[in-house]
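Spelled out from the first residue to the last, the chains are:
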Amino acid sequence: QQKVQQSPESLIVPEGGMASLNCTFSDRNSQYFWWYRQHSGEGPKALMSIFSNGDKKEGRFTAHLNKASLYVSLHIKDSQPSDSALYFCAVMNTGGADRLTFGKGTQLIIQP
Amino acid sequence: EAAVTQSPRNKVTVTGGNVTLSCRQTNSHNYMYWYRQDTGHGLRLIHYSYGAGNLQIGDVPDGYKATRTTQEDFFLLLELASPSQTSLYFCASSGLGGQFAETLYFGSGTRLTVL
């Protein structure tokens, strides 16, 4: 069964700094990866997806994927207080969307 | 953006009670899901469905039933609620699902407390 582990559990970053979130997965058949973000009192919302090895940049956010190393990461540049949230890594196997597995999350706090 | 509406927002019941959580999506999505979120466990899939009348078992189904009455509506039923089911419940939907890699759209959640 797919295991998705995120680190660190919590992270404090000064405003304007770089936040780096890590995620490892266990199934080598994993194909598709997402980062979801959840602000307090809300449901999770997809932040970005990455399907190919390498980097994908969207504004201040960069996702990195290395399938061979079973590793995906998210980097947030110039962190803002509004980036404070719970971040989930989600991994989908080739079997389809019904097998999306979430990590336990990283709580990110941006200190003004 | 996809709209997923859950009700009620908060619910308190007693052990052994009967609870129904409701979810409606208005985007003609095929797939709908029920997750529970607990500190230290992240999001765990309870049940899901790929259309009216269909039900698939997720990863933590024990103690839960679900029913998809229409394309739009998906219900989660706890017929004999237990304190271990105290949790934050999320409904989600996605367009095609299956082998298509698609984003999930979540509702705002229902916080259930079982006393």
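Now for a look at the structure at hand. (Residues numbered from 1 in each chain as written. Chains lettered and ligands numbered in written order. Predicted model: local features only at pLDDT ≥ 70, side-chain atom pairs only at ≥ 80, totals over all residues. Heavy atoms only, no water.)

Describing a nonpolar patch on the surface
Heads up, the rule is: A patch consists of residues exposed above 30% relative accessible area that lack any salt bridge, with like charges linked at up to 9 Å and nonpolar side chains (Val, Leu, Ile, Met, Phe, Trp, Tyr) linked at up to 5 Å. All accessible-area figures derive from a Shrake-Rupley calculation using a 1.4 Å probe, and residue coverage is judged against the displayed protein chains alone. Salt bridge, as used here, is a side-chain nitrogen of Lys or Arg placed within 4 Å of a carboxyl oxygen of Asp or Glu. Under the DSSP-based scheme used, a helix requires at least four consecutive residues in state H or I and a strand at least two consecutive residues in state E, with every element numbered from the N terminus.
Together, Val-12, Val-14 and Leu-115 of chain B give the surface a local cluster of nonpolar side chains, amounting to about 300 Å² of exposed area. Its place among the elements puts Val-12 of chain B in strand S2 (residues 10–13).

Quick look at the environment of Ser-82 of chain A
Residue and element names in this part refer to chain A. Inclusion rule: Any residue under 20% of the maximum accessible area for its type is buried, any over 50% is exposed, and the rest in between are partly exposed; the area is computed with a 1.4 Å probe on protein chains only. Here a residue-residue contact requires only that any non-hydrogen atoms of the pair lie within 4.5 Å.
Its location among the elements puts Ser-82 in the loop between strand S8 (71–76) and strand S9 (85–92). Taking relative accessible area as the criterion, Ser-82 reaches 49% and is therefore assigned partly exposed. Sequence separation between Ser-82 and Ile-109 is 27 residues; the distance between their C-alpha atoms is 9.2 Å. Setting aside chain neighbours within four positions, we find Ser-82 in contact with Arg-37 and His-39.

Description of unusual backbone geometry
Geometrically, the link from Ser-7 of chain A to Pro-8 of chain A is a cis peptide bond, its omega value of -10° lying close to zero. With respect to the helices and strands, the residue Pro-8 of chain A is situated in the loop between strand S1 (4–7) and strand S2 (10–14). With an omega of -5°, the peptide bond running from Ser-7 of chain B to Pro-8 of chain B counts as cis. The phi angle at Leu-70 of chain A is positive, at roughly 60°, despite the residue not being glycine. With respect to the element layout, Leu-70 of chain A can be found in the loop between strand S7 (61–66) and S8.

So, the pattern of salt bridges
Side-chain pairs of opposite charge can arise where the charged atoms are in close proximity. Applying the stated criterion across every chain, the model contains 7 salt bridges over all chains. Taking the shortest distance from any N to any O, the salt bridge between Arg-24 of chain B and Asp-73 of chain B comes out at 2.8 Å. In this pair, Arg-24 of chain B sits in strand S3 (residues 19–25) while Asp-73 of chain B sits in strand S8 (residues 73–78), placing the two residues 49 residues apart along the sequence. A relative accessible area of 45% means that Arg-24 of chain B is categorised as partly exposed. Overall, Asp-73 of chain B belongs to the buried group, its relative accessible area being 11%. In this structure, a network of salt bridges that share partners links the residues Arg-37, Arg-60 and Asp-83 of chain A.

Describing the sheet that holds S3 of chain B
Residue and element names in this part refer to chain B. Rule in force here: Paired strands are those between which DSSP finds at least two bridges. Fitted lines through C-alpha atoms serve as axes, helices being fitted only where they are in contact, and the angles separating the N-to-C directions of these axes extend from 0 to 180 degrees.
Across the sheet, 4 strands lie side by side as S1-S3-S8-S7; this open sheet has antiparallel pairing. The outermost strands of the open sheet, each flanked by one partner alone, are strand S1 (4–7) and strand S7 (65–68). Between one strand axis and the next, the sheet turns by 15° as a mean value, whatever way the strands run. By the bridge criterion, 6 bridges tie S3 to S8 in an arrangement that is antiparallel. Residue pairing for S8: Val-19 is matched across the bridge by Leu-78.

Some points on the nonpolar core
For the record, the criterion: As used in this record, nonpolar core signifies buried Ala, Val, Leu, Ile, Met, Phe, Trp, Tyr and Cys residues forming a set joined through side-chain atoms within 4.5 Å.
Formed by 25 residues in total, the largest nonpolar core has its most connected members in Trp-35, Val-72, Leu-74, Tyr-87 and Leu-108 of chain A. For this core, the secondary structure elements donating two or more residues are S2, strand S3 (19–25), strand S4 (32–38), strand S5 (45–50), S7, S8, S9 and strand S11 (106–111) of chain A. Residue contacts for Leu-74 of chain A: discarding those within four places in its chain leaves Ala-19, Ser-20, Leu-21, Trp-35, Leu-47, Met-48, Phe-61, Thr-62 and Tyr-87 of chain A. Trp-34 and Leu-86 of chain A together with Tyr-31 and Leu-104 of chain B belong to the second-largest nonpolar core, a separate cluster that totals 19 residues.

Read these as spatial facts, not as claims about activity.
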